[in-house]
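Results of the structural survey
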Amino acid sequence: MKKYKPRVLLFFISLLISCTILAQSKQPNFVIILGDDINARDIGCYGSKNKNTTPNIDKLAAEGILFKNMFVSQAICAPTRAELYTGLTPNRNGCNVNHAATKKGTLSIVQHLNKLGYRVGLTGKMHFSPTSVYPFEIIEGFTKNANYNGTPPENWDGVTEFVNRDKNQPFCLIICSVHAHDPWNAGDNSLWDPNTVVLPENLVDTKETRAYFTEYLAEIKLFDEQVGNTQKLLEKHNLASNTALIVLDENGAGMPGGKWTTYDIGLRSACIMKWPKPYNNKVVTHALTQYCDILPTLIDAAGGEVPSNLDGKSLLPLIKTTSTKHREYAYFLYNNTNEGPEYKMRAITDGQFKLIWNKPFNDFYAVRVINGFDYGYVDKMEDRHVRKMYLSWLAKAGYDKKATDIVQRYRKHPEFELYNLNDDPEEMNNLVGNSELHFKVNELKNALLKWMKEQEDDFL
C-alpha cells in the first residue's frame, strides 16, 4: 500500500473539506409547482379516500417534508398567488379581493431573489398584476387560461432551456398548472366509478356531483403527472441534487363550501417540499404555516436576510428540525366584493379549533359563478359545471333533509362558527353554542381582533 507524507495527506484532507463547504454553501435552485383549486384532502398523502390519483406527489411526500397544516390566507386565486409571491397577507399587499392588483411598489419574489443573483421565471397561469411588482421572465409552454376547455397541450422546451441556460447562476422556476380549475373536463376519469367515489361531507350527494367529482379527480391526476415530469426533467439534467422542489395545490376546489369561503376545505393547502443536502427530508410537521412563509424561506435558504416587514417567517427551522412550532395562530379572510353580494368573513385557528366571524351574518351569501342567479346575476357561461352541480343540490333539497341542511349551510351563516378540526375536519358541527367552549371562543376572538387591528382591516 502506497504511503503519503503527512503534509500531502493534510493537503488532501483540506481540499476535501473545502470542496464540501463549497458544495454546501452553493445557492440552491428553487422549483415551485402550483396547482389550481385542489382540496388538500383529495391528495393521497393527505388522506384521500379515492385511490390512484397522486402517486408522484405521494412518493415525493414520503421522501421529503410533508406540511400537514399549511394554509392560504384567502381561498381565492389572485390573493393566494399574491401572498405566495410577496410574503405579505392580503390586506398588506393590497390584493384582498379576487382580480385585485397588488400595491405598486411592493417587492415580490422576483426582486427579492434577483437581488441574491437568481433569475426568476414562470410558466402557465398568471392571475396577478401589475407587472412592475411581478416582472417574471415569462416562459411559454403551459396554458395561461384557467378556463381551458379540455386537456391543454404542454411544451416543456422553454422550461428545459430556462433551467439549463447558465449552470453558474441559480434559478427559481414557478410552474403554474390550471388543474383542477373548472371546467372539469380534462384527463381520463375512468379510473373512478361515479357510483363508488367518496365525496366530502360538505357536498350534496347527487348524480351530477358524483360525475363532476370524478372529472375533478382526473384533473388532479394530470397535476400529479406534471409533478412527476418536473422531477424527471431535473434528474435528466443533473439538477435534482441542488434543487429545492416545492409542490402546492393552491386553495380548495371551486365547489360550494370550498373556494370563496373560510372553511378548512378551501383554506388548507397541500405543501410538500424536498430539499437538497444538507437539509433534512423524510419529515412530517404539524406546525401552523401559511403561504406568506414560503418567500422568506427561499430568501433565507439563498443566503439573504429576510426583510422584517414581511408577514411570513422562514420555515428553515422546521426543515432543519431545530423547531417543531412555527405560529401560535393562523389567520384568514374572505371579501365577497367581485364575486357576489357584499359579504365578509374572518377566521382564526390554533390548529385544533377554528373560529369564523361572518358579517353581515344571516344575510344571503352567494358566489356569482355558483348561485348568482339567486340575486339576479346572469352568467355568461351557460354550461358552467359548478352551477349545474349546485342546481342538482337545489333539486334534491326539495325532498331530502340532509341536502336541505347542506344548502342552508352554504347560503346562510351565523355571526360566529366554532369547529373542532380534529373531530370535525369538514366543519359540519358548529360548537359556538357549547358553554364549555366559551373560553375558546373568547380566546380566538380576542386574538383575531388583535390581528385585524394590526392589519388595518376594514372588517371592523
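Keep in mind that what you see is a predicted model, and the values were worked out from it rather than measured. Within every chain, residues take consecutive numbers counted from 1 along the sequence as written. Where local features are concerned, this predicted model is filtered to residues with pLDDT of at least 70; where side-chain atom pairs are given and counted, the filter is 80 or more; whole-chain, interface and lining totals use all residues. For the side-chain quantities, the full set of heavy atoms in the structure was used; hydrogens and water were omitted.

**Some thoughts on helix α3 (residues 77-86)**
Since there are 3.6 residues in each turn of an α-helix, residues three or four apart along the chain are aligned in direction. When a residue's accessible area, from a 1.4 Å probe over protein chains only, is under 20% of the maximum for its type it is buried; when over 50% it is exposed; and in between it is partly exposed. Note on conventions: DSSP H or I runs of at least 4 residues are helices, E runs of at least 2 residues are strands, and numbering of each starts at the N terminus. By the criterion of burial, α3 is predominantly enclosed, with 10 of the 10 residues buried. Buried within α3 are the following residues: C77, A78, P79, T80, R81, A82, E83, L84, Y85 and T86.

**Examining the nonpolar core**
The nonpolar side chains of a soluble globular protein tend to be buried, and buried together. For this analysis, a nonpolar core means a set of buried residues of the types Ala, Val, Leu, Ile, Met, Phe, Trp, Tyr and Cys, connected via side-chain atoms within 4.5 Å. Counting 122 residues, the largest nonpolar core has F30, Y85, I109, F136, Y216, I272 and W275 as the members making the most contacts within it. Ranked by residue count, the leading element in this core is helix α7 (residues 207-236), at 10 residues. Throughout, a residue-residue contact means that at least one pair of heavy atoms, one from each residue, lies within 4.5 Å. Filtering out sequence-adjacent residues up to four positions away, W275 remains in contact with F30, I65, A244, N281, T297, A301, L316 and I319. In terms of nonpolar packing, the next biggest core, distinct from the first, is built from 18 residues, Y329, L355, W357 and V441 among them.

**Some points on the pairing of strand β1 (residues 29-34)**
Regular strands show a simple pattern: their side chains alternate between the two faces of the sheet. A large share of β1 lies buried, amounting to 6 of its 6 residues. Judged by which residues are buried, β1 turns out to be covered on both faces: N29, V31 and I33 on one side and F30, I32 and L34 on the other are all buried. In this scheme, strands are said to pair when DSSP sees at least two bridges between them. Here β1 runs beside strand β6 (residues 243-248); their pairing, made up of 6 bridges, is parallel. Bridge pairing in β6 links V31 to L245. For β1 and strand β5 (residues 171-176), the ladder comprises 5 bridges, and the chain directions are parallel.

**Topic: the environment of Y375**
Tracing the sequence through the fold places Y375 in the loop between α11 (368-371) and α12 (385-397). Taking the C-alpha atoms as reference, Y375 lies 8.0 Å from P341; in sequence the two are 34 residues apart. Leave out the neighbours within four places in its chain, and Y375 touches E339, G340, P341, A366 and R368.

**Some words on the sheet that holds strand β12 (residues 353-359)**
In a beta sheet, neighbouring strands are held together by backbone hydrogen bonds and run either parallel or antiparallel to one another. The antiparallel open sheet is built from 4 strands, whose spatial order is β10-β11-β12-β13. One side of each edge strand has no neighbouring strand; the edge strands of this open sheet are β10 (330-336) and β13 (416-420). Between one strand axis and the next, the sheet turns by 15° as a mean value, whatever way the strands run. As defined by bridge partners, strand β11 (residues 343-349) adjoins β12 across 6 bridges and the pair is classed as antiparallel. Its bridge partner being in β12, R346 is matched across the sheet by W357. Note on definitions: angles span 0 to 180 degrees between N-to-C directions of axes, and those axes are lines fitted to C-alpha atoms, for helices only across the stretch in contact. Set on the sheet, helix α14 (residues 438-454) makes contact with β10, β11, β12 and β13; between it and β12 the angle comes to about 60°.

**Concerning the packing of aromatic side chains**
When the centres of two rings from Phe, Tyr and Trp lie within 6.5 Å, Trp using its six-membered ring, the rings pair. Their planes under 30 degrees apart give stacked, over 60 give edge-to-face, and anything left gives tilted. Under the criterion given, the structure shown has 26 aromatic pairs. Ring geometry for F30 versus W275: centroids 6.2 Å apart, planes at 65°, classification edge-to-face. Placement of the pair is F30 in strand β1 and W275 in the loop between β7 (268-274) and β8 (283-285), with a sequence separation of 245 residues. Overall, the relative accessible area of 0% leaves F30 in the buried class.

**A short note on the confidence of the model for the protein chain**
Confidence in the prediction of the protein chain, expressed as mean pLDDT, is 93, and 95% of residues score 70 or more. Here residues 8-24 scores under 50 on pLDDT; set against residues more than four positions off or in separate chains, the count is 1 contact. Confidence of the prediction at every residue is given by pLDDT, a number between 0 and 100.

**Focus: the pattern of salt bridges**
For this document, the term salt bridge refers to a Lys or Arg side-chain nitrogen within 4 Å of an Asp or Glu carboxyl oxygen. Inspection of the entire model under this criterion finds 28 salt bridges. For the salt bridge of D374 with R411, the shortest nitrogen-to-oxygen distance reads 2.9 Å. With D374 in the loop between α11 and α12 and R411 in helix α13 (residues 401-411), this residue pair connects regions lying 37 residues apart in the sequence. Residue class for D374 comes out partly exposed when judged on its relative accessible area of 29%. A single network of salt bridges, built from pairs that share partners, joins R41, D264, R268, K354 and E427.

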